[in-house]
Amino acid sequence: MKPYELVSLTAGIFHFFLTFFVLTRDLRAAINRAYALWGFSLTIWNLSAFFMFRATDAETGQFWAQFLWLGVVFLPISICHLCLLMAQINIGRFLPALYLVHLGFATTIFTGHFVQGVRRLHVGYYSIPGPVFWAYLGVYVAVAVATVAKLYAKQRALPRLHQKPLSS
């Protein structure tokens, strides 16, 4: 087993058990459910990367590349949700709308519009992006920038005494 395969496999197993542990603490807590989506998305991403690195033909590589993106597509919205919950920031109906957008991206993954194909590199197969991927990339950047901006604004609104520990 090559080092990058071992890293992917180890990370996938670690994320799975950590996510399972968090879920067993309190399934009804919104923060635990948001963490679960993020953790299971990381698990799918890492385990799919492991299998994609080990693929022996393009068809298998394509399947695992698509499955990998099924995990990755939910990473920005789940970490955004998790951060907003931890910072106690409410963005109202915008969050469910973002979840729907990401769910829409997920529905295109196995159609050939998100991942058009794969190409073989020396370490395994890699995705060839389709047209929907580029729209996803724009949403990904927007969600990441908006999350950081919201967290920064929240930090700036804190009393001076509480700002310092967050910026260290």
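Note that this is a predicted model, so its numbers are computed, not measured.

*Asks:* So what exactly am I meant to see when it comes to the overall build of the chain here?
*Replies:* Helices and strands together make up the secondary structure of the chain, namely 7 helices and 2 strands. Traced from its N-terminal end to its C-terminal end, the chain shows the element sequence α-α-α-α-α-β-β-α-α. With respect to the three principal axes, the spread of C-alpha positions in the chain is 55 × 35 × 30 Å. For the chain, the proportion of its 168 residues judged to be buried stands at 40%. Taking the contacts inside the chain whose residues are at least 6 apart along the sequence as the reference set, 64% of them involve residues at least 24 apart. Within the structure as shown, the chain displays about 10000 Å² of accessible surface, and the carbon and sulfur contribution to it stands at 70%. Averaging the positions of the 13 positive and the 4 negative side-chain charges in the chain gives two centres separated by 22 Å.

*Asks:* Would you explain the packing of helix H2 (residues 30-54) against helix H3 (residues 58-72) in this entry?
*Replies:* When two helices pack together, you describe them by how their axes are tilted relative to each other and by the distance separating the axes. Two numbers describe how H2 lies on H3: the axes approach to 7 Å, and their chain directions differ by 165°. With respect to each other, H2 and H3 are oriented roughly antiparallel. In this structure, H2 meets H3 at a crossing whose hand is left-handed. Across the interface between the two elements, Ser 41, Ile 44, Trp 45, Ser 48, Ala 49, Phe 51 and Met 52 of H2 pack against Gly 61, Trp 64, Ala 65, Phe 67, Leu 68, Gly 71 and Val 72 of H3.

*Asks:* Would you explain the state of the cysteines in this entry?
*Replies:* In a disulfide, the sulfur atoms of two cysteines are held together by a covalent bond. In the structure shown here, the tally under the stated rule is 0 disulfides. Sulfur of Cys 83: no disulfide; nearest cysteine sulfur belongs to Cys 80 and is 7.3 Å away.

*Asks:* Is there a simple way to think about the side chain of Ser 8 in this case?
*Replies:* Tracing the backbone shows Ser 8 in helix H1 (residues 3-25). A relative accessible area of 8% means that Ser 8 is categorised as buried. The contacts of Ser 8, once residues within four sequence positions are left out, are Asn 46, Leu 47, Ala 49, Phe 50 and Phe 53.

*Asks:* So what exactly am I meant to see when it comes to the nonpolar core here?
*Replies:* Where a protein is soluble and globular, its nonpolar side chains tend to be buried together. In this structure, Trp 69, Val 73, Phe 114 and Tyr 136 are the most contacted members of the largest nonpolar core, which totals 31 residues. Contributing elements (two or more residues each) for this core: H2, H3, helix H4 (75-86), helix H5 (94-107), strand S1 (115-121) and helix H6 (131-157). By residue number, the principal contributor to this core is H3, which donates 5 residues. The contact partners of Val 73, leaving out residues within four places of it in the chain, are His 102, Phe 105, Ala 106, Ile 109, Phe 114 and Tyr 136.

*Asks:* Any chance you could explain the packing of aromatic side chains here in plain terms?
*Replies:* To describe a pair of aromatic rings, you give the distance between the ring centres and the angle between the ring planes. Tallying each qualifying case throughout the model produces 19 aromatic pairs. Seen from their ring centres, Phe 16 and Phe 20 are 6.4 Å apart, and the 15° between their planes marks the pair as stacked. Linking Phe 16 with Phe 20, this pair stays in helix H1, spanning 4 residues, or about one helical turn. On the accessibility criterion, Phe 16 (35% relative accessible area) is partly exposed. Between the aromatic rings of Phe 114 and Phe 133, the centroid separation amounts to 5.9 Å while the plane-to-plane angle is 85°, which identifies the pairing as edge-to-face. Of this pair, Phe 114 sits in the loop between H5 and S1 while Phe 133 sits in helix H6; the two residues are 19 residues apart in sequence, bridging distant segments of the chain.

Calculation notes
Residues numbered from 1 in each chain as written. Predicted model: local features only at pLDDT ≥ 70, side-chain atom pairs only at ≥ 80, totals over all residues. Heavy atoms only, no water. Helix = DSSP H or I, 4+ residues; strand = E, 2+ residues; numbered from the N terminus. Buried < 20%, exposed > 50% of the residue type's maximum accessible area, 1.4 Å probe, protein only. Contact = heavy atoms within 4.5 Å. Areas by Shrake-Rupley, 256 points an atom, 1.4 Å probe, with all protein chains shown as cover. Lys, Arg positive; Asp, Glu negative; His and termini not counted. Charge placed at Lys NZ, Arg CZ, Asp CG, Glu CD. Axes fitted to C-alpha atoms, helices over the stretch in contact; angles between N-to-C directions. Parallel < 35°, antiparallel > 145°, perpendicular 65-115°, else oblique. Left-handed = near helix turned anticlockwise from the far one by under 90°. Disulfide = S-S within 2.5 Å. Core = buried A, V, L, I, M, F, W, Y, C linked by side-chain atoms within 4.5 Å. Phe/Tyr/Trp six-rings, centres within 6.5 Å; stacked < 30°, edge-to-face > 60°.

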